[in-house]
Amino acid sequence: MTNEDAGGTWSGTDWDAVSATFDDEPDHGLRDPAVRGAWAARLRGWLPRAPADVLDLGCGTGSLSLLASEARHRVTGVDLSPRMVALARAKLAGRDAVFLVGDAAAPPVGEQRFDVVLVRHVLWALPDPGRVLRHWRGLLRPGGRLVLVEGVWGPPAPDGTTDGTERGVPVGIPADRLAGLLAPLAADVRVEPLSGDSALWGREVADERYAVVAVP
């Protein structure tokens, strides 16, 4: 989660408090073997051949980080919530993974560069996504890629979930807008629809969900 999440669109969410139940959502905790397998299969298609250095921004409790680690990648995770980071560290204890408390928009990684910047459901909440994308592109090694999972769905409930549109005006970032922001930054931009794959979410969904793989 980012500073903008805490003070902007998701101003009512205490991410440290949410951390205790965050993994209860099927696509957060990936506890269902079918959901876990669906995300693992997608990551295999999005990430390069292992071992690669993966920067997981807004990593939450580290569920995607764990899948990347199980696929033999080296992982650095960043999240604003100290409790989320503590859970991620416990989840990946003994693995080749490091977790840092910090803002996903400006991760505290110094001069380190990565083969993949992996971000799920974070960019949409940032006030200047174009600027953030330029910064993330600068964190890539030559030949690296951005893997961004985003969508358009209902506004967050007090527990931090963003499930459905019945709570009011949908929020998010449409795929065509994100592809347009990436066009000046990447030679290859591939959009992969995800709404139709119910195994990823643990249920059928009707809103727009997708991934973008962008290679500068």
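All values reported here derive from a predicted model rather than from experimental measurement.

Asker: How would you explain the nonpolar core if you had to name every residue and give the values?
Answerer: Val117, Leu133, Trp136, Leu146 and Leu178 are the most contacted members of the largest nonpolar core, which totals 32 residues. Among the secondary structure elements, those contributing two or more residues to this core are strand S1 (53-57), strand S4 (114-120), helix H7 (129-138), strand S5 (140-153), helix H8 (175-182) and strand S8 (208-215).

Asker: Account for the packing of H7 against H8, with residues named and values stated.
Answerer: Packed helices, taken two at a time, are described by their axes: the angle between them and the distance between them. It is the contact of H7 with H8, at a shortest axis distance of 10 Å, that shows an interaxial angle of 55 degrees. Comparing their axes, H8 and H7 come out oblique. Crossing hand, H7 versus H8: right-handed. Listed contacts from H8 to Pro129, Gly130 and Leu133 of H7 are Arg177, Leu178, Leu181 and Leu182.

Asker: Can you lay out helix H4 (residues 33-46) for me, pointing to particular residues and giving the numbers?
Answerer: With 14 residues, H4 should reach 20 Å at 1.5 Å per residue; the first-to-last C-alpha distance of 20 Å fits that figure. Of the residues making up H4, those classed as buried are Val35, Ala38, Trp39, Arg42, Leu43 and Trp46. All buried residues of H4 lie within an arc of 135 degrees about the axis, which places them on one face of the element. Facing away from the buried surface of H4 by more than 90 degrees, the exposed residues are Pro33 and Arg44. Considering only its buried residues, H4 is in contact with helix H3 (26-29), helix H5 (63-70), S4, S5, strand S7 (188-193) and S8.

Asker: Quick rundown of the side chain of Thr76? Include the residues and the values.
Answerer: Take Thr76: it is sitting in strand S2 (residues 74-79). For Thr76, a relative accessible area of 9% translates into the label buried. Those residues in contact with Thr76, other than ones at most four positions away along the chain, are Val54, Leu55, Asp56, Val98, Leu100, Val109, Gln112 and Phe114.

Asker: Can you lay out the pattern of salt bridges for me, pointing to particular residues and giving the numbers?
Answerer: Enumeration over the complete set of coordinates arrives at 11 salt bridges. For Glu192, the salt bridge goes to Arg42, with nearest N and O atoms at 2.3 Å. Here Arg42 lies in helix H4 and Glu192 lies in strand S7, a separation of 150 residues in the sequence. For the pair formed by Glu192 and Arg42, the shared burial category is buried. When salt bridges that share partners are traced, they join Arg42, Arg190, Glu192 and Asp197 into one network.

Definitions and limits used
Residues numbered from 1 in each chain as written. Predicted model: local features only at pLDDT ≥ 70, side-chain atom pairs only at ≥ 80, totals over all residues. Heavy atoms only, no water. Core = buried A, V, L, I, M, F, W, Y, C linked by side-chain atoms within 4.5 Å. Buried < 20%, exposed > 50% of the residue type's maximum accessible area, 1.4 Å probe, protein only. Helix = DSSP H or I, 4+ residues; strand = E, 2+ residues; numbered from the N terminus. Axes fitted to C-alpha atoms, helices over the stretch in contact; angles between N-to-C directions. Parallel < 35°, antiparallel > 145°, perpendicular 65-115°, else oblique. Left-handed = near helix turned anticlockwise from the far one by under 90°. Contact = heavy atoms within 4.5 Å. Expected span 1.5 Å × (residues − 1). Arc of directions from axis to C-beta. Salt bridge = Lys/Arg side-chain N within 4 Å of Asp/Glu carboxyl O.

Nothing here speaks to function; it is all geometry.
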